[in-house]
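Examining the three-dimensional arrangement
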Amino acid sequence: MPDRFAQTADKMAARQDERAEQLAAAVRAFVFPRGDERALDVGTGAGALALALAPLVREVVGVDRVPELLERARERAAGLDNVTFVESDATALPFADFSFDLVGTLRTLHHVARPELVVAEMARVARPGGTLLVVDQIAPVDPLAALVVDRFERARDPGHTRLLPDIDLRQLFEANGLVLVRDRHEVERRPLDAYLDLAGCGGDDRERALSLAPEGRDDYTAMLGWYLLRR
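Residues numbered from 1 in each chain as written. Predicted model: local features only at pLDDT ≥ 70, side-chain atom pairs only at ≥ 80, totals over all residues. Heavy atoms only, no water.

**So, the packing of helix α2 (residues 9-31) against helix α4 (residues 67-76)**
- Viewed as axis vectors pointing N to C, α2 and α4 meet at an angle of 35 degrees, and their least axial separation amounts to 9 Å. Crossing angle aside, the handedness with which α2 passes α4 is right-handed. Here α2 contributes Ala9, Asp10, Met12, Ala13, Ala14, Gln16 and Asp17 to the contact with α4, which in turn contributes Glu68, Leu69, Arg72 and Arg76. (Axes fitted to C-alpha atoms, helices over the stretch in contact; angles between N-to-C directions. Helix = DSSP H or I, 4+ residues; strand = E, 2+ residues; numbered from the N terminus. Left-handed = near helix turned anticlockwise from the far one by under 90°. Contact = heavy atoms within 4.5 Å.)

**Observations regarding the layout of surface pockets**
- In this model, the largest pocket occupies a volume close to 1300 Å³.
- In terms of lining residues, the largest pocket is bounded by 48 residues, among which Met12, Leu106, Arg107, His111 and Leu198 are the most central.
- Only α1 (4-7), α2, α3 (48-53), β2 (59-64), α6 (143-156), β6 (179-191), α8 (192-198) and β7 (219-230) provide two or more residues apiece to the lining of the largest pocket.
- For the lining of the largest pocket, the element with the most residues is α2, which contributes nine residues.
- Its residues assigned to classes, the lining of the largest pocket comprises 20 nonpolar, eleven polar and 17 charged. (1 Å grid on protein atoms, 1.4 Å probe; cavity = no way out; pocket = protein on both sides within 12 Å on 5 of 7 lines; lining within 4 Å. Points joined across faces, edges and corners; volume = space filled by probe spheres on them. Nonpolar A, V, L, I, M, F, W, Y, C, P; charged D, E, K, R; others polar.)

**Some thoughts on the sheet that holds strand β1 (residues 38-42)**
- Reading across from one edge, β3-β2-β1-β4-β5-β7-β6 is the order of the seven strands in this open sheet, with mixed pairing throughout. The open sheet terminates on both sides in strands that have one partner only, identified here as β3 (83-87) and β6. Averaged over all neighbouring strand pairs, the angle between strand axes comes to 15 degrees, with direction disregarded.
- Contacts from α2 reach β4 (100-106), β5 (126-138), β6 and β7 within the one sheet, and its direction differs from that of β7 by about 35 degrees. (Pairing = 2+ DSSP bridges.)

**Some remarks on the side chain of Asp101**
- Relative to the helices and strands, Asp101 resides in strand β4.
- A polar side-chain atom of Asp101 sits 2.8 Å from the main-chain amide nitrogen of Arg38. (Polar contact = N/O pair within 3.5 Å; in protein donor to acceptor, adjacent residues only side chain to side chain.)

**Re the environment of Glu75**
- For Glu75, the location among the structural elements is in helix α4.
- Residues Glu75 and Val125, 50 residues apart in the sequence, show an inter-C-alpha distance of 26 Å.

**A closer look at the packing of α6 against helix α9 (residues 203-212)**
- The N-to-C vectors of α6 and α9 enclose an angle of 165 degrees; their axes lie 8 Å apart at closest approach. Considering their axes alone, α6 and α9 lie roughly antiparallel with respect to each other. The handedness of the crossing between α6 and α9 is left-handed. Each of Arg151, Phe152, Ala155 and Arg156 in α6 lies in contact with α9, whose residues at this interface are Asp205, Arg208, Ala209 and Leu212.
- A class-by-class count of the residues in the contact of α6 with α9 yields four nonpolar, no polar and four charged. (Parallel < 35°, antiparallel > 145°, perpendicular 65-115°, else oblique.)

**Examining the environment of Ala39**
- Note that Ala39 resides in strand β1.
- A relative accessible area of 0% means that Ala39 is categorised as buried.
- Sequence spacing of Ala39 and Asp101 is 62 residues, and the spatial spacing of their C-alpha atoms is 6.0 Å.
- With residues up to four places along the chain from it excluded, the contact list for Ala39 reads Leu53, Val57, Glu59, Val60, Val61, Phe100 and Leu102. (Buried < 20%, exposed > 50% of the residue type's maximum accessible area, 1.4 Å probe, protein only.)

In structure tokens form, the structure reads like this:
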């Protein structure tokens, strides 16, 4: 089966372009980079976080396993001499220990079967005293509500695995010796049709996803968690 991210690369890149300024401002205000960091964007996709970081740091490397998304990322980074992209699995990064001052991942963990491996790899390649940024949709506290959301998300996108609740993320961070510096949660209201389009969800799959939507067929509410950590 073709990779969903390869099939929807253009839509994802277009959505990224629409939100680029907003993301750049949010990253700047939350991370406060010094300006001299070597940064890594894990699961970069079309380069959203890498491009948001590029004006704020010395160097950025973005990694992703989908060549079609990396192609879009390179197109968007044209003219920037401090950004490079590498094809790689987030659970086995091709970098030595302590290679980066700043390591981030944006909306990636819920697409990975074993997110604990991604967090462990991010911690491994971050230098002692370095900074990690994790941004991802989080599960509702109520386990039954979380099941409903995950059922809908998998119907929308078979590449979805499971949303982690806030407490599970905090335990992953603690298990890897990461210290929470600050965090925030934000609510995202997503028009449902556009959200399904973004995943290339059509035909019978679309009808099934609509039937499972937690709030009906018009809108969908997601909770996004931002975590800044110190290694």
